[in-house]
4 protein chains.
Amino acid sequence: MRIGVLTSGGDAPGMNAAIRAAVRQADALGHEAWGIRQGFQGVLEKDWAPMPTRACANILQRGGTVLHTARCPEFLEIHRRADAAANLREAGIQALVIIGGDGSFRGAEALQREQGILCAGIPGTIDNDLPGTDRTLGFDTALNTAVEAIDRIRDTASAHGRLFLVEVMGRSSGMLAVHTALACGAEAVLYPESPDDSYQALVARLHANWLRGKRSSIVVVAEGDDLGNAMVVGARLRRDYGLDLRVVVLGHIQRGGSPSALDRIWGSRWGAEAVRRLAAGEGGFYLGEVAGALAVQPLARILDPRPAPPGDMGELVDILSR
Amino acid sequence: MRIGVLTSGGDAPGMNAAIRAAVRQADALGHEAWGIRQGFQGVLEKDWAPMPTRACANILQRGGTVLHTARCPEFLEIHRRADAAANLREAGIQALVIIGGDGSFRGAEALQREQGILCAGIPGTIDNDLPGTDRTLGFDTALNTAVEAIDRIRDTASAHGRLFLVEVMGRSSGMLAVHTALACGAEAVLYPESPDDSYQALVARLHANWLRGKRSSIVVVAEGDDLGNAMVVGARLRRDYGLDLRVVVLGHIQRGGSPSALDRIWGSRWGAEAVRRLAAGEGGFYLGEVAGALAVQPLARILDPRPAPPGDMGELVDILSR
Amino acid sequence: MRIGVLTSGGDAPGMNAAIRAAVRQADALGHEAWGIRQGFQGVLEKDWAPMPTRACANILQRGGTVLHTARCPEFLEIHRRADAAANLREAGIQALVIIGGDGSFRGAEALQREQGILCAGIPGTIDNDLPGTDRTLGFDTALNTAVEAIDRIRDTASAHGRLFLVEVMGRSSGMLAVHTALACGAEAVLYPESPDDSYQALVARLHANWLRGKRSSIVVVAEGDDLGNAMVVGARLRRDYGLDLRVVVLGHIQRGGSPSALDRIWGSRWGAEAVRRLAAGEGGFYLGEVAGALAVQPLARILDPRPAPPGDMGELVDILSR
Amino acid sequence: MRIGVLTSGGDAPGMNAAIRAAVRQADALGHEAWGIRQGFQGVLEKDWAPMPTRACANILQRGGTVLHTARCPEFLEIHRRADAAANLREAGIQALVIIGGDGSFRGAEALQREQGILCAGIPGTIDNDLPGTDRTLGFDTALNTAVEAIDRIRDTASAHGRLFLVEVMGRSSGMLAVHTALACGAEAVLYPESPDDSYQALVARLHANWLRGKRSSIVVVAEGDDLGNAMVVGARLRRDYGLDLRVVVLGHIQRGGSPSALDRIWGSRWGAEAVRRLAAGEGGFYLGEVAGALAVQPLARILDPRPAPPGDMGELVDILSR
């Protein structure tokens, strides 16, 4: 069987681990892996080639994706998906491993349902916001990167006795923000799903810390918080209370870097399992981790509501910042 | 209530996160935390003092343990445990948070059962070899440290086309070895629980890689493997096949370092939960993670058999090294 | 002799190494070191205390400054400097080690000249923009932090085939920008002292790379470049050419973090040497590195023009980006 | 002109930066760079190929050497060097960039003197033990790696109140040992060129620290110290004083890893300069850094005595460990 492998949507550390595992598992089972460049765009443009196992040497430890990635709005149209399927059939590619986030999985779901191409999804996004899995590739790495960055900022905050607002990624998900806040010992965290992060509550918290003698504070802000991003919240605090605060937007440094051990391990497990199932004729699923074990979900499940960060973690940030 | 906190056995990254969380949770609930130095030794020597929340500033990100640790063989004797309980009562310490591995938990179990001191255990050991929990503090950090070290070694192995045997910690457990091997893309792994790591199988594997054109290989060896440690296996390969190999023993660099995000988060959750339960009059338990969720186990469960690394992970190392 | 030690201005990694060395050298020579908190502010407020050698345990590897720092505009007034001198005399502090940048050295110079307090300066600023020294504490660490961050961004830039503008610190100095650009293999660098970084030249460079087949590029921008900061330059490129680029402002993560080996070594050498000279009755100088060796400069030399980054480094960035 | 580039001897971080710079400078000057694999071995076996500038994409940040390296004892024989020169002439390679240590430079010197091949040396060895240069590629990276590793060990040493002997590379040079000891705040350092590191002096030092209340100590040992390596010294201390100490041999983790900013910058400068000079018809030299500036030395100078670490650095370790 000829199996195509592609990465799609935003890149995430661990994608290369999944690519490597898919390619080598295919080889181990006597199948042939093809690398498709630039995600679904590459399917439309036939930008692909056989990918031998040696092409995967020394990629496990690298961030980004050796297959490159792109967003592909055309793929939202049914006739372009039909073109894609025709291209794949012509090239003898019977099955696809799609490494990406929810947009990519929706494309995969349609491709399988409408065109009968066997599709397997592997969750690859630093946001950790997919239904049906407790983990996505890149989340653990991004979390550690954010925490390390804030450890550095803490040095300065504490040397100067200053308030810092640090913005982490997460347009509609507070997963990264809450985990980061807990891991770096932040004094407060603002995130979209939070039940009670009003501006007043934040001010009260900072004031209480000040009275308790804390001279420096870190507030982690998810970019998509209801109060606005870190710049907006910072401007408001400056205006209302004249605080000499600093704003840091971590931005794209959270996306890259050598993947953490966990992201490499799950990328490897998922890549190998996806190919094992495709080779057995199974399709229309994506992989995940549920309760510590490898889980298999129907692709249609991607339409379920996104998971929210556990409410008690936000509470714990509060307790531990005293 | 006065609650004592101690770390015992080998140190592990994340212990400080647990100490900080225990102390601050106690404060939040209106109780008083005391820091006990040097583990059970400190209980015998009354080496303790009240630990205010400010004493926990800036320790979350530090390796080791601010309370120091020691092994305490005396604590195996019942009359010394009686002395310990007498000391604790005299000082008004009614409950203990014990952060450590299985030896420490056995001590805690006896102290609770015989002497009625409320004891809560928090798993702190880089070996990840405790029954009743999928995770122990320090494991994720040690794993990432080992993987980073081997990434460096891979540069040299590949520049010189050489075989390296890298020994990781694990006297009776292959947990660290197997996870490390998978995460660093090792060509083979030797560990105590392995069903089939005979010397012949290793040689056959290395030979097959050589025929496939691989000029450099990494073999991860758990220090307690049946074939012997990395030095022993290396000497045998040199003698039998004249291989120009190198041996690296990672040793104590695996124990230290700033804890990973996961170790900080679980240290924080467990520290807070232990105190919450002790404050409610509960004792005789240890905390863990089972299937992704916080779990509570009776201390007596520490006598159960140790968990072994999943067999399919060793197999996956094999498949992915092609 | 009683010798005060303070850190002033922006914090920089390596300051703690200098504090530790000053304190321990004082002890070794039979003198007494006092730690002054919050820079010159602490002198005005008598916020000081004896600093025993044990207070310097485990600070060598930490970013920030254990003595805290502050900017102190009052110190620009002569009568406040007279107050400072009076406070110091009253407390028996005869000499000062001042770790900071050019503002701090100007204060030190005036304090010595007007008030006769023995002052020794140690260059501590991540900007590396002081006359009379090839190196300042924190520069090497900040450089490595910026380079690591851009390595991560490169993963994403290359996965998406995208242009990134990355802003590094440097309001009036391109030192950090040029060194960073060379070390991370940037396609271009914009910095204040550059002879020729016109907007047209930048556009031409990016265009040439595109024609050569490069699909991703990194441009390093010093925050104080004539063309504006990275946001401004990015907006202009977007407007003029519709480029799908991304802007990352590294910001305060460059200031913190565990100091690099070089920053620890020079902090240690300078701290020890400053105290050795003060103890011998010498004052009115600051230390530096010139041509690889420890150098001594009169404090008045701080008024000399700032050094500019070597012109051929910018050129080299150009040659190496092909 | 056709210019060959090779790496020889032990690999060192920064070698890839030098390769990249040589290749791109050649391209910028209108010449052609060839990559030679496996050092001088590759010259004897004609294991070479043209190296386009794109082959150098994304190698700047990688440890090891993409051209691989080997030791080549045959090259000590004059008739094999004649074979090498014949091979080079046949392939039209008129000049060589040789990145390596003193053995490699001796080979280069003979090749230029006897056979008239234009040779340029670039110092690449983590030992920093070449005459005529204050710096070699890989030293700064190895130093930072060793320091980071010892920071981790310090966590454990301090948690357990224990003595650690840590062995760093350096068969005949104490450069790495002394710099590491100063940067990690070691209590003592043993290295070959030390004037006074007798066993008695070490014992006295450790004893004095103990009396001063220090419960944990780190001793850095160069592998080639006169007293023996860390294992030997450790065994002696255990036997004589029954100390519960630990020995860690850092080994090959010091060789690899992403190069530090300095190693990348000097690799880039040297690679570009070597080709600029070769292209102008100059040969028989190697590059270095002397007093902060790029220096050019005749290849014959490699026979000069090796530099020793500054004596006052060892003394400083002593003063700062109080």
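Residues numbered from 1 in each chain as written. Chains lettered and ligands numbered in written order. Predicted model: local features only at pLDDT ≥ 70, side-chain atom pairs only at ≥ 80, totals over all residues. Heavy atoms only, no water.

1. Section: the interface of chain D and chain C
Under the convention used in this document: In what follows, a contact means two residues having at least one pair of non-hydrogen atoms within 4.5 Å. When two parts are put together, the accessible area they lose, computed with a 1.4 Å probe and summed over both, is reported as buried area. A pair is scored as a salt bridge if a Lys or Arg side-chain nitrogen falls within 4 Å of a carboxyl oxygen belonging to Asp or Glu. Under the DSSP-based scheme used, a helix requires at least four consecutive residues in state H or I and a strand at least two consecutive residues in state E, with every element numbered from the N terminus.
With 44 residues of chain D in contact, the opposing surface of chain C contributes 44 residues. The junction of chain D with chain C conceals about 3,500 Å² of combined surface from both sides, 57% of it contributed by carbon and sulfur atoms. Taken together, the links from chain D to chain C amount to four salt bridges. A salt bridge links D:R322 to C:D27; the shortest N-O distance between them is 2.8 Å. Looking at the side of chain D that touches chain C, the elements with two or more residues in it are helix 1 (15-28), helix 5 (139-160), helix 6 (175-184), helix 9 (261-279) and helix 10 (311-320) of chain D.

2. Some words on the domain arrangement of chain A
Residues and elements named next belong to chain A. Using the following cut-off: Domain delimitation in this document rests on an assignment produced automatically or drawn from a domain database. By the criterion applied in these results, polar contacts are pairs of N or O atoms within 3.5 Å in which, for protein atoms, one can donate a hydrogen and the other can accept it, and in which residues neighboring in sequence qualify only through two side-chain atoms. Under the grouping applied here, Gly and all other residues not named as nonpolar or charged are polar, the nonpolar ones being Ala, Val, Leu, Ile, Met, Phe, Trp, Tyr, Cys and Pro and the charged ones Asp, Glu, Lys and Arg.
Domain parsing of chain A yields domain 1 (2-138 + 259-303) and domain 2 (139-255). Here the C-alpha centroids of domain 1 and domain 2 sit 34 Å apart. Listed per partner, the contact involves 17 residues of domain 1 and ten residues of domain 2. Across the domain 1/domain 2 interface, buried area totals approximately 1,100 Å², and carbon plus sulfur atoms make up 48% of it. On the domain 1 side of the interface with domain 2, the three residues burying the most area are I126, D127 and N128, jointly 46% of the side's total. Linking domain 1 with domain 2 are zero salt bridges. Our count for the contact surface shared by domain 1 and domain 2 stands at nine residue pairs in polar contact (both at pLDDT 80 or more). Looking at side-chain class alone, the side of domain 1 that touches domain 2 contains six nonpolar, six polar and five charged residues.

3. Remarks on the packing of helix 7 (residues 199-211) of chain B against helix 8 (residues 230-241) of chain B
Residue and element names in this part refer to chain B. As a reminder of what qualifies: To obtain an axis, a line is fitted to C-alpha atoms, over the contacting stretch when the element is a helix, and the angle between two such axes runs from 0 to 180 degrees between their N-to-C directions. Crossings are assigned a handedness: left-handed for a near helix turned anticlockwise from the far helix by less than a right angle, right-handed for a clockwise turn.
At a minimum axis separation of 12 Å, helix 7 and helix 8 run at an interaxial angle of 65 degrees. With respect to the hand of their crossing, helix 7 and helix 8 are arranged in right-handed fashion. Facing Y199, L202, V203 and L206 of helix 7, the residues of helix 8 in contact are V233, R236, L237, D240 and Y241. In terms of residue class, the contact of helix 7 with helix 8 is made up of seven nonpolar, no polar and two charged.

4. Regarding the sheet that holds strand 5 (residues 118-123) of chain D
Residue and element names in this part refer to chain D. Put simply, the rule is: What makes two strands pair is DSSP finding at least two bridges between them.
Here seven strands make up an open sheet; going across it, the order is 3-2-1-4-5-10-11 and the pairing mixed. The open sheet terminates on both sides in strands that have one partner only, identified here as strand 3 (48-50) and strand 11 (293-298). Averaged over all neighbouring strand pairs, the angle between strand axes comes to 25 degrees, with direction disregarded.

5. Regarding helix 6 (residues 175-184) of chain C
This is how it is decided: Buried means the residue's accessible area, taken with a 1.4 Å probe over protein chains only, is under 20% of the maximum for its type, while exposed means over 50%, and partly exposed covers the values in between.
Of all ten residues in helix 6 of chain C, ten are buried, a share of seventy percent or more. A positive backbone phi angle near 70 degrees is found at C:G185, which sits one or two residues after helix 6 of chain C.

6. Section: the environment of B:A279
Take B:A279: it is sitting in helix 9 (residues 261-279). Aside from chain neighbours lying at most four places away, what touches B:A279 is B:M1, B:L29 and B:H31.

7. Brief notes about the sheet that holds strand 5 (residues 118-123) of chain B
All names here are of chain B. Taken in spatial order, the seven strands make up an open sheet running 3-2-1-4-5-10-11, and their pairing is mixed. In this open sheet, the two edge strands, each paired with only one partner strand, are strand 3 (48-50) and strand 11 (293-298). On average, each strand axis in the sheet is inclined to that of its neighbour by 25 degrees, with strand direction left out of account. Sheet topology note: the strand 2 (residues 32-36)/strand 3 ladder contains three bridges and is antiparallel.

8. What to know about the pairing of strand 5 (residues 118-123) of chain A
Residues and elements named next belong to chain A. In plain terms, the rule: A clockwise path from the first strand over the helix to the second, with the strands pointing away from the viewer, defines a right-handed crossover.
Of all six residues that make up strand 5, six are buried, and the element is covered over most of its length. Neither face of strand 5 is exposed, since L118, A120 and I122 on one face and C119, G121 and P123 on the opposite face are all buried. The pairing of strand 4 (residues 95-100) with strand 5 spans six bridges and is classified as parallel. The residue bridging V97 from the neighbouring strand is A120, located in strand 5. Remark: the strand 4/helix 4 (residues 102-115)/strand 5 crossover connection has right-handed handedness. In terms of strand pairing, strand 5 meets strand 10 (residues 285-290) through two bridges, oriented parallel. Residue pairing for strand 10: A120 is matched across the bridge by F285.

9. Structural notes on the relation of the copies chain D and chain C
The test is simple: Least-squares fitting of one copy onto the other uses the C-alpha atoms of those residues that reach a pLDDT of at least 70 in both copies.
For the match of chain D to chain C, the screw axis carries a shift of 0.0 Å, the RMSD comes to 0.0 Å, and the turn is 180 degrees. Those values place the two copies in the arrangement expected of a two-fold rotation axis. Distance from the rotation axis, computed per C-alpha, reaches its smallest value in chain D at D:A291: 2.0 Å. Most of the interface of chain D is mirrored in chain C, where 100% of its interface residues again form contacts.

10. Concerning the state of the cysteines
Defined simply, a disulfide is a covalent bond joining two cysteines at their sulfur atoms. The cut-off we apply is this: Defined by distance alone, a disulfide is two cysteine sulfur atoms within 2.5 Å.
In total, this model carries zero disulfides over all chains according to the counting rule given. Free of any disulfide, D:C56 has its nearest neighbouring cysteine sulfur in C:C184, separated by 16 Å. Of all cysteine sulfurs, the one in D:C72 lies closest to D:C119, which takes part in no disulfide; the gap is 14 Å.

11. Quick word on the pattern of salt bridges
Residues and elements named next belong to chain A. Following the criterion strictly, the structure yields 88 salt bridges over all chains and no others. The salt bridge involving E32 is made with R2; its shortest N-O contact spans 2.5 Å. Of this pair, E32 sits in strand 2 (residues 32-36) while R2 sits in strand 1 (residues 2-7), and the two are 30 residues apart along the sequence. Take R2: its relative accessible area is 24%, and that puts it in the partly exposed class. Put simply, R205 and D318 hold a salt bridge, and the shortest N to O gap is 3.0 Å.

12. Focus on a negative patch on the surface
Quick note on the threshold: The patches reported here contain residues having more than 30% relative accessible area and no salt bridge. Joining distances are 9 Å for like charges and 5 Å for nonpolar side chains (Val, Leu, Ile, Met, Phe, Trp, Tyr). Working definition of accessibility: Shrake-Rupley area with a 1.4 Å probe, residue cover restricted to the visible protein chains. Counted charges follow a simple rule, with Lys and Arg positive, Asp and Glu negative, and His plus the chain ends left uncounted. Charge positions come from single atoms, namely NZ of Lys, CZ of Arg, CG of Asp or CD of Glu.
Where like charges cluster on the molecular surface, the negative patch consists of A:E148, B:E148, C:E148 and D:E148. The class for B:E148 is partly exposed, based on a relative accessible area of 40%.

13. Digging into the side chain of B:N209
Position of B:N209 among the secondary structure elements: in helix 7. On the accessibility criterion, B:N209 (1% relative accessible area) is buried.

14. Points about the side chain of B:D140
Tracing the chain through its elements places B:D140 in helix 5 (residues 139-160). Buried within the structure, B:D140 lacks any salt-bridge partner; B:R135 is the closest side chain of opposite charge, at an N-O distance of 5.1 Å. When sequence neighbours within four positions are dropped, the list of residues in contact with B:D140 reads A:L262, B:R135, B:S260, B:L262 and B:D263.

15. What to know about the packing of helix 10 (residues 311-320) of chain A against helix 9 of chain B
Under the convention used in this document: Angles are sorted into four bins: roughly parallel if under 35 degrees, roughly antiparallel if over 145, roughly perpendicular if 65 to 115, and oblique for all others.
Look at helix 10 of chain A against helix 9 of chain B: their axes get within 11 Å of each other, and the N-to-C directions meet at 80 degrees. Between helix 10 of chain A and helix 9 of chain B, the interaxial angle falls into the category roughly perpendicular. Of helix 9 of chain B, the residues touching helix 10 of chain A (which contributes A:D312, A:M313, A:L316 and A:L320) are B:I265, B:S268, B:R269 and B:A272. When the residues that make up the contact of helix 10 of chain A with helix 9 of chain B are grouped by side-chain class, the tally is five nonpolar, one polar and two charged.

16. Overview of the packing of aromatic side chains
All names here are of chain D. Cut-off, in case you're wondering: When the centres of two rings from Phe, Tyr and Trp lie within 6.5 Å, Trp using its six-membered ring, the rings pair. Their planes under 30 degrees apart give stacked, over 60 give edge-to-face, and anything left gives tilted. Any Lys NZ or Arg CZ that is within 6 Å of a ring centre and within 35 degrees of that ring's normal is treated as a charge sitting over the ring.
Enumeration according to the criterion identifies twelve aromatic pairs over all chains in this entry. Plain terms: the ring middles of F105 and Y286 are 4.9 Å apart, the flat faces sit at 45 degrees to each other, and that makes the pair tilted. In this pair, F105 sits in helix 4 (residues 102-115) while Y286 sits in strand 10 (residues 285-290), placing the two residues 181 residues apart along the sequence. Neither residue differs from the other here; F105 and Y286 are each classed as buried. The cationic tip of R215 hangs over the ring face of W210; the distance from NZ or CZ to the ring centre is 3.6 Å. The ring of Y199 carries R236 above its face, with NZ or CZ at 3.5 Å from the centroid.

17. Structural notes on helix 10 of chain D
The line we're drawing: Each direction from the helix axis to a C-beta atom contributes to the arc, which is the arc of those directions.
Within the sequence span of helix 10 of chain D, burial applies to D:M313, D:G314, D:L316, D:V317 and D:L320. Looking straight down helix 10 of chain D, one finds that the buried residues subtend no more than 155 degrees of arc, so they occupy a single side. Buried residues in helix 10 of chain D make contact with helix 1 (15-28) and helix 9 (261-279) of chain C together with helix 6 and strand 7 (188-190) of chain D.

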